[in-house]
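A structural walkthrough
What follows is the residue order along each chain.
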Amino acid sequence: MAASVPFSATSTQATPFSHSNSFSSFLGFQCRSRHSWPFLIRTCRTRHCRRSRNVASNQKQTLKDPPTQEGIADGLDSLAPDSATIALSIKYHSEFTPLFSPEGFELSKAYMGTAQSVQDMLIQNWNATYDYYEKMNVKQAYYFSMEYLQGRALLNAIGNLELSGLYGEALKKLGHNLEEVASQEPDAALGNGGLGRLASCFLDSVATLNYPAWGYGLRYKYGLFKQLITKDGQEEVAENWLEMGNPWEIVRNDVSYPVKFYGEVIEGPDGKKQWVGGEDITAAAYDVPIPGYKTKTTINLRLWSTKLASEAFDLQAFNAGDHAKAYKAQKDAEKICYVLYPGDESIEGKTLRLKQQYTLCSASLQDIIGCFERRSGGSVNWEKFPEKVAVQMNDTHPTLCIPELIRILIDVKGLSWKEAWGITQRTVAYTNHTVLPEALEKWSLNLLKELLPRHVQIIEMIDEELIQTIISEYGVEDLDLLQQKLKQMRILENVELPSSVLELLAESEKSSVVDTGEETETSDEETGSSDEEDELEEESETEPKGSLKKPDLKPPEMVRMANLCVVGGRAVNGVAEIHSEIVKTDVFNDFYELWPEKFQNKTNGVTPRRWIRFCNPDLSKIITKWTGTDDWVVNTEKLAELRKFAGNKDLQSEWREAKRRNKMKIVSFLKEKTGYIVSPDAMFDVQVKRIHEYKRQLLNILGIIYRYKKMKEMSHKERKANFVPRVCIFGGKAFATYVQAKRIVKFITDVGGTVNHDHDIGDLLKVVFVPDYNVSVAEVLIPGSELSQHISTAGMEASGTSNMKFAMNGCILIGTLDGANVEIREEVGDDNFFLFGARADEIAELRKERAEGKFVPDPRFEEVKAYVRSGVFGPYNYEELMGSLEGNEGYGRADYFLVGKDFPSYIECQEKVDQAYRNQKKWTEMSILNTAGSYKFSSDRTIHEYAKQIWMIDPVQLP
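First things first, this report covers the structure right here in the doc. (Residues numbered from 1 in each chain as written. Predicted model: local features only at pLDDT ≥ 70, side-chain atom pairs only at ≥ 80, totals over all residues. Heavy atoms only, no water.)

Quick notes on unusual backbone geometry
Rule in force here: Labels follow the DSSP assignment, with helices taken as runs of H or I lasting at least four residues and strands as runs of E lasting at least two, numbered in each case from the N terminus. Here the term buried applies to any residue with accessible area under 20% of the maximum for its type, exposed to any over 50%, and partly exposed to those in between, with areas from a 1.4 Å probe on protein chains only.
You will see that N210, though not glycine, has its phi angle at about 65°, which is positive. Counting through the fold element by element, N210 comes out in the loop between helix 8 (194-208) and strand 4 (213-218). Among the residues examined, N210 registers a relative accessible area of 7% and is labelled buried. We note that L898 has phi near 60°; this positive angle belongs to a residue other than glycine.

Next up, the structure:
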C-alpha cells in the first residue's frame, strides 16, 4: 500500500524550524541562564554524547575546583563578558559536556570546551536573527552548493564576535594558549577547492552585511580525502574530521524530509501525475551558525545527512545470519553523504553523485517551501514565492532544483504547468564557474529516467518549451540555422525532436518545395527535399541545404545541465570580467543572443576578515596604523589609502618585518609537515591550488628544472651571482581518478627529493610539496608568501580566488591574462604584476597551428624534457607526462594546455622576478601596492552585487 502513496514535499517531522526566545528551543536541551547571558548552562546535550578515551591522558594538567552551575550563574550577573566568566563557561563545558573522560584538561578537551562556550553565544544570536526574520517575513536568499571549504571556525568566530582578547586571557587563566587550543580543531571536510572556499566567503559576507540568507549543503562524513605524500606520490585516505565530534554543528532531530529515488510515475483519472514506489530515504538537518563581523546577525549553513528509519533494519535477516542483507538499505542511504565527489567512472559512482545532487536539491527546497508556507500564515499565494525566495545555484551541481521545484509546485501543491514554470524562472539563478567542457555537466538520460522518472518528464517539457521559443525566434525558413540552434541549445542532447516539432518542420519543407516551383526540379542540392535525396542522405558527406541531418551512429542521449540552468534561471553570471565575456561570446553565445538581459558578471571576492584580519594580524596592525582606522576590515576601499605611503621608508621597514615574521612561521611549518629545512632569507614562491593540467603546475616545475639545470652548469660563485635563492612551495590535491594530475604530484615530489638533497645547490633552491593542502595550511602560507603563481592557460580559469588572497597579503603575482588576474593587474598596476604567456583570444589559433604541425618548440623547452628523461630525478618513467607535451594530435597529446608555447615567455618572466627581488625597496613598494589594489576583491562587494542585482534582497538590521 505504501508504494501507492504519492511522494510529498511536506516533511513528516516537525515544522522546518521553529523560533522562540528560548535557547533550549533551538537545541532541544534544558538550559539555565541569567539576564540573557550568552553562555548557556547545558544540563543535557542531545548532540555528540559519545565518550572518547583521552589520547593525551598522560598530560598532568587538570582543572582545579570544577565549576558548578550555581557558581557560574552567580558570575553571570553582568551583561558584558569578561575573561573570568568566559573561563568559567569553558571550565563548565569541559567538565559537564560529555565528550571526554573527566580527568585532565589537555588541549583537545580545552578546544572542545572553548568551542562550546563560543557556540552558546552564536546560538543566542542565531535565534535572535531568525526570530526577527520570521516576524518581518523578509525575502531571503538561499545558496545551494555541493561544497563549503570553511576552515577552522574558532578563531574566526571569536574574531567576528570581537572576543579574541578575552578568550585569550580566559585560556591563559586555565593554563593554555589560544593559538595552541585553536590548532586542535580539524578543518571541516566539506569542500575541495575554490568553489567551496568561495561559498564560505560568501556566507561570511552575507552575515557581516546583514543580508537575510543562508546556505545549504551536504554533511560529508569522510570529505574528499586526506592526502598523503609517499614515495609513490599521492595516496588518499578518508578524512576523520568528525571522529571526535563537531562542536559547531547542531543536530536538528526535528527537521528531516523524505527523498525518493527510482519508482514510477502514474497518472490519475484527473490527469495528475504521481511519483510512487521506489526507494525512500530521509535527509536530516545539521545546522552550523555563521556569525557576521561586529554584528549580531548570525546566519545558518544547513547541511543534510542521509539515513533510514530504524524499521528499515531487517532484523529477521540479521538473526538468520544474513547480516549484509540486514543493513544494506541503511548503508545505501548513509553512503550518499560519505564522500564529496565520489569517483564516477562506474555506473554506481555516477548514480551516487546524482543521488547527492538530488538530495541537496529536494531536502533544501522542501525546507524552503515549508518556511514560505509558515510565514505566509493561513493564506498562501504562490505567485509571491519569488518575492520571498531567491535560490542561487553555485555551479551546475544543484541544477535538479529546477525540475524539483516544478514537481513540488505541480504534483504536491496543485499548480498548473504555466504557473510552476513561471515561478521557477523568477526564483532560481545560476553561477557558471567554468569554460571546461568536462565541467559543464551532462548526465545520461537513461540513468536519470531510472533514478528520477518524474524529473525527466519535467525536463522534457522544459526542453519542448525551449524548442518552441527557438522556433518562434528564428522561424523555419532557414532550416540549417534552426538545426544549428537546436543542436547547440537543447537541454536534451542526441534526443529525437518531439513529434509536434517534426511535423512542423516537415510542413515547412513541403512549403519550401511548393514555393520554389520549377526550380526545384533542377536544383535538388538547394531544396534537399526529393524522395531520392532522402534515401541518399545517410551516405552523403555534406548535407544539402535545408535538410535535417541524420547521424550515422546513434550517440548517447544526454541531459545538458548547464543548458537547463540557463533556461530555467532568471540570471546567469560569470565570476570574472574575462570569464563572463567568454560565457557570452562562446560557452552560451546562442543563449546570450536570445536572452541578453539574463547575463551578468559578478567578479569573485574573498572575505578580508579571515584572509587578512585573522590570518595575518601583524599586517592588519600595520594597515590599521597607516590608514588610521580598522574600518578597512568591512570597507576595503580604505586599503587604497596605502598607495600614498607605498614609498615611505618607515612603512616599508614595518612591512618587511611583518613579512619576515610570517616567513618564519612557514619555516617552522614546513619542517614540521615535510621535514625540509628552508632558509627565511630565500624568496618564498608559492603555487597552491587544485592539481589540474590547465592550472599548469607542470609549467612551474619544468621552469624550476630549467633553473636547477642552469645552476648545475655554473660554478658556486656564478650561481650566487645569477640566481636569487628560492623556496618553491606547491600544495593541492589531485582528484583520485585523475591519473595525469597524480603523475604531476609524483613528478614535483621527485624533483624536490633530488634538488633538496643536492649539497652543491644548498639554500639556493628548495622544492617542497605540502601534503593535504587546506584552509588552515593556506592561512600559514599566504601571509608569508612573496611570489604567487597563477599561470593557467589563458581563457581556462573562470576567476580564481587564491590570487585575491595572495594580493591582499602583499604577495606579488606572476600569471597569465586569465580569470581575475586581468582585474587584479588593472587594480595593482601593470608594473606590480609579472605577466607572461599567450592571451585568451590567441589560444584557438595556436591550437590550430599545432594541429597543422606548424609549432616549433623552443630549444630550452626541448632541453628540459631531455633532462627529465635522463633519469636525474629518479627511476620513475615520466614518458606519459612528457609525451603529453609532444605530437600534434591525439588524446593526451599535442600539449593542449600550451605549456611548450608559454615556456619561453615564462622563464624570461622569472628572470625579471629575480631582478626585481634584488631591489628590496622596490619589491616592498610593489608588495604594498598589491595590498592597496586588492580592495576590489572583497566578497562584501560581490555579495552586495548579488543582493541588489540578482536576489533583490535588502539588509535587515536587528533591533
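Structure shown, so let's carry the discussion forward.
What about the packing of helix 3 (residues 83-96) against helix 6 (residues 164-173)?
In a pair of packed helices, the angle between the axes and the distance between the axes together describe the arrangement. Here is the rule: Axes, fitted as lines to C-alpha atoms, cover a helix only where it is in contact. Angles between the N-to-C directions of the axes lie from 0 to 180 degrees. Take the far helix as your reference; a near helix turned counterclockwise from it by less than a right angle gives a left-handed crossing, and one turned clockwise gives a right-handed crossing. Note on contacts: a residue pair is in contact if any heavy atoms of the two residues lie within 4.5 Å. Throughout this entry, Asp, Glu, Lys and Arg are counted as charged residues, while Ala, Val, Leu, Ile, Met, Phe, Trp, Tyr, Cys and Pro are counted as nonpolar. The remaining residues, Gly among them, count as polar.
At a closest axis distance of 8 Å, the pairing of helix 3 and helix 6 adopts a crossing angle of 60°. In this structure, the crossing between helix 3 and helix 6 has a hand that is right-handed. Listed contacts from helix 6 to S83, A84, I86, A87 and I90 of helix 3 are L166, Y167, E169, A170, L171 and K173. Looking at the contact of helix 3 with helix 6, its residues break down into eight nonpolar, one polar and two charged.

What about the packing of aromatic side chains?
Applied cut-off: The criterion for an aromatic pair is that two Phe, Tyr or Trp rings (for Trp, the six-membered ring) have centres within 6.5 Å, with stacked assigned to planes under 30 degrees apart, edge-to-face to planes over 60 apart and tilted to the rest. For a ring to carry a charge above it, either NZ of a lysine or CZ of an arginine must fall within 6 Å of the ring centroid while also lying within 35 degrees of the normal to the ring plane.
Inspection of the entire model under this criterion finds 38 aromatic pairs. Taken together, W126, Y130, Y133, Y142, F144, W214, Y216, Y257 and W304 form an aromatic cluster joined through their ring pairs. K709 extends its terminal NZ or CZ atom over the ring of Y867, reaching a point 5.7 Å from the ring centre. Cation over ring: K805 sits above W611, and NZ or CZ is 4.6 Å from the ring centre.

With respect to the sheet that holds strand 24 (residues 834-835)
Using the following cut-off: Only when DSSP finds a minimum of two bridges between them are two strands counted as paired.
Strand order in the open sheet formed by six strands is 21-20-19-22-23-24, with parallel pairing between adjacent strands. The strands lining the two open edges of the sheet, one partner per strand, are strand 21 (765-770) and strand 24. In the sheet, strand 19 (residues 683-688) pairs with strand 20 (residues 726-731) via six bridges, with the strands oriented parallel. Within strand 20, the residue paired with F684 across the bridge is V727.

Some thoughts on empty space enclosed by the protein
Filter applied, for reference: In this analysis a 1.4 Å probe is tested at points of a 1 Å grid over the protein atoms alone, and where it fits but cannot get out there is a cavity; an open set with protein on both sides within 12 Å along at least five of seven lines is a pocket; lining residues have an atom within 4 Å of a point. Grid points are joined across faces, edges and corners, and a volume is the space filled by probe spheres set on the points.
In the structure shown here, the tally under the stated rule is six cavities of 30 Å³ or more. Quantified by volume, the largest cavity comes out at close to 390 Å³. Looking at the lining of the largest cavity, the elements with two or more residues in it are helix 4 (107-136), helix 5 (154-160), helix 8 and strand 10 (279-291). Residue composition of the lining of the largest cavity, by class: 15 nonpolar, six polar and six charged.

A short note on the sheet that holds strand 14 (residues 442-444)
Pairing in this open sheet of three strands is antiparallel, and the strands run 14-16-15 from one edge to the other. Both edges of this open sheet fall to strand 14 and strand 15 (492-493), since each of them pairs with a single strand only. Examined bridge by bridge, strand 15 and strand 16 (residues 558-560) share two bridges and lie antiparallel to one another. Residue pairing across strands places E493 opposite M558, the latter belonging to strand 16. Sheet strands in contact with helix 22 (residues 561-568) are strand 14 and strand 16, and its direction is about 45° off that of strand 16.

With respect to the pattern of salt bridges
Short version of the rule: Salt bridges are defined by distance alone: a side-chain nitrogen of Lys or Arg within 4 Å of a carboxyl oxygen of Asp or Glu.
This model, assessed by the stated rule, comprises 65 salt bridges. With its nearest N and O atoms 2.9 Å apart, the salt bridge here joins R860 to D858. Among the charged side chains, a network of salt bridges with common partners joins R252, D254, D287, R302 and D367.

Notes on a positive patch on the surface
We count it as follows: Only residues whose relative accessible area exceeds 30% and that form no salt bridge enter a patch; like-charged residues are grouped when within 9 Å of one another, and nonpolar side chains (Val, Leu, Ile, Met, Phe, Trp, Tyr) when within 5 Å. Values of accessible area rely on a 1.4 Å probe in the Shrake-Rupley scheme; residue burial ignores everything except the protein chains shown. Under the convention used here, Asp and Glu are negative, Lys and Arg are positive, and both His and the chain ends fall outside the count. By convention, the charge on Lys lies at NZ, on Arg at CZ, on Asp at CG and on Glu at CD.
Taken together, K649, R656, K921 and K922 make up a surface patch of like positive charges. At the level of secondary structure, the elements contributing two or more residues to the positive patch comprise helix 27 (649-674) and helix 38 (920-933). Structurally, K649 is set in helix 27.

Remarks on the packing of helix 4 against helix 11 (residues 347-376)
Note the following rule: Every angle not falling under 35 degrees, over 145, or within 65 to 115 is termed oblique; those three ranges are roughly parallel, roughly antiparallel and roughly perpendicular.
Where helix 4 meets helix 11, the axes come as close as 9 Å, and the angle between the chain directions of the two elements is 60°. On the basis of their axis angle, the class for helix 4 and helix 11 is oblique. For the pair helix 4 and helix 11, contact is made by Y130, Y133 and E134 and by C371, R374 and R375, respectively. Of the residues assigned to the contact of helix 4 with helix 11, the class counts are three nonpolar, no polar and three charged.

So, the nonpolar core
Generally speaking, soluble globular proteins have nonpolar side chains that are buried together. Applicable threshold: In plain words, nonpolar cores are sets of buried Ala, Val, Leu, Ile, Met, Phe, Trp, Tyr and Cys residues tied together by side-chain atoms within 4.5 Å.
Of all hydrophobic cores here, the largest spans 135 residues; its most connected members are W304, I462 and W951. Among the elements that line this core, the one with the most residues is helix 11, at 11 residues. With residues up to four places along the chain from it excluded, the contact list for W951 reads K139, A141, Y143, V206, A390, Q392, I943 and Y946. Grouped together as the second largest cluster of nonpolar side chains are 54 residues, I761, I814, Y878 and I907 included.

As for helix 23 (residues 577-587)
Every buried residue of helix 23 is accounted for by I578, H579, S580, I582, V583 and K584. Residues of helix 23 that are buried in the fold lie against strand 17 (572-574), helix 24 (589-594), strand 18 (599-601) and helix 33 (821-828).

Here's the deal with the environment of D618
Along the chain, D618 falls in helix 26 (residues 617-627). Take D618: its relative accessible area is 18%, and that puts it in the buried class. The spacing of D618 and E657 is 39 residues in sequence and 9.0 Å in space, taken between C-alpha atoms. Non-local contacts of D618, meaning those with residues more than four positions away in its chain, are made with A658 and R661.

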